[in-house]
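The lines below spell out each chain.
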Amino acid sequence: MSCDFRFIQLFRNLIVVPLLVATASAGDLTVAVKDQNGKPVQDAVVYALPVSGKAPSRKAGGEVVQRNKQFVPYVSAVQAGSLVQFPNKDTVKHHVYSFSPAKKFELPLYAGTPAEPVLFDTLGLVTLGCNIHDWMIAYILVVPTPWFAVTDANGEAQLRGLPAACDLEVWQPRLKNSSDLPRQRLVGKGNPSVSFQLDLKPDFRLRRSPTGTGDGYR
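Residues numbered from 1 in each chain as written. Predicted model: local features only at pLDDT ≥ 70, side-chain atom pairs only at ≥ 80, totals over all residues. Heavy atoms only, no water.

Quick look at the nonpolar core
The biggest cluster of nonpolar side chains holds 33 residues, and the ones touching the most others in it are V31, V33, L162, L168, W171, F196 and L198. Of all the secondary-structure elements, those providing two or more residues to this core are β1 (29-35), β2 (45-50), β6 (75-79), β12 (137-143), β14 (156-159), β15 (165-171) and β17 (193-198). Here the element with the most residues in this core is β2; it accounts for five residues. If sequence neighbours within four positions are ignored, F196 has contacts with V31, A32, V33, K34, L168, V170, P182, R183 and Q184. V96, V118, L128 and I140 belong to the second-largest nonpolar core, a separate cluster that totals 20 residues. (Core = buried A, V, L, I, M, F, W, Y, C linked by side-chain atoms within 4.5 Å. Buried < 20%, exposed > 50% of the residue type's maximum accessible area, 1.4 Å probe, protein only. Helix = DSSP H or I, 4+ residues; strand = E, 2+ residues; numbered from the N terminus. Contact = heavy atoms within 4.5 Å.)

Considerations on the pattern of salt bridges
If you walk through the whole model with that rule in mind, you get six salt bridges. Ionic pairing is found between D167 and R183, a salt bridge with its closest N-O pair at 3.2 Å. With a gap of 16 residues between them, D167 in strand β15 and R183 in strand β16 (residues 183-187) connect regions that are remote in the sequence. Judged by relative accessible area, D167 falls into the buried class, the value being 7%. The class of R183 is partly exposed, set by a relative accessible area of 46%. Across the pair D167 and R185 runs a salt bridge, and its minimum N-O distance is 2.8 Å. Taken together, the residues D167 in strand β15 and R185 in strand β16 connect sequence positions 18 residues apart. (Salt bridge = Lys/Arg side-chain N within 4 Å of Asp/Glu carboxyl O.)

Function cannot be read off these values alone, since they describe shape.
Structure, rendered in structure tokens:
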């Protein structure tokens, strides 16, 4: 290999590698969500809407598992047009349902995984329940965008590949005013992180019933 050829290869590497790094990080964002007391908020859906044009369709299948007589995850999001499976990992049967306007459906008492997933094709909030276990509840937010994530225990969510100009919105089950979602406009790709502060109601979720009630479904 000639000296000139090695120099050309080295020169190419010096140009290409920085470009790859810049492309990988462009449009990526960390969103931190806290409550009115400054504490991290878990289970908040963060999603981005392009300022101009229509969001691309990147429908991906979802899954809400029934495990230990709970829905897992408690909060999830899907892009409109996505299919969601509801596998039952418990040793007892569940009866999953929703009466929400965005999606009304029932999966009568069953074990294992239903043969057909459920199509979520209407925007809005879907509240899930179980006819057998009253404390079982979960939420699926159907959004018009592929750019969404749910905050973790640290109150953080990661969004990847965002457009240069977009509006960020946040929803959480305990929001005091869910008709007017918190929103921020993001312009340019120089912002590695943004934060939201939510005004939340107390968590009044029903807790799991004690075992040993004798009805075979607890």
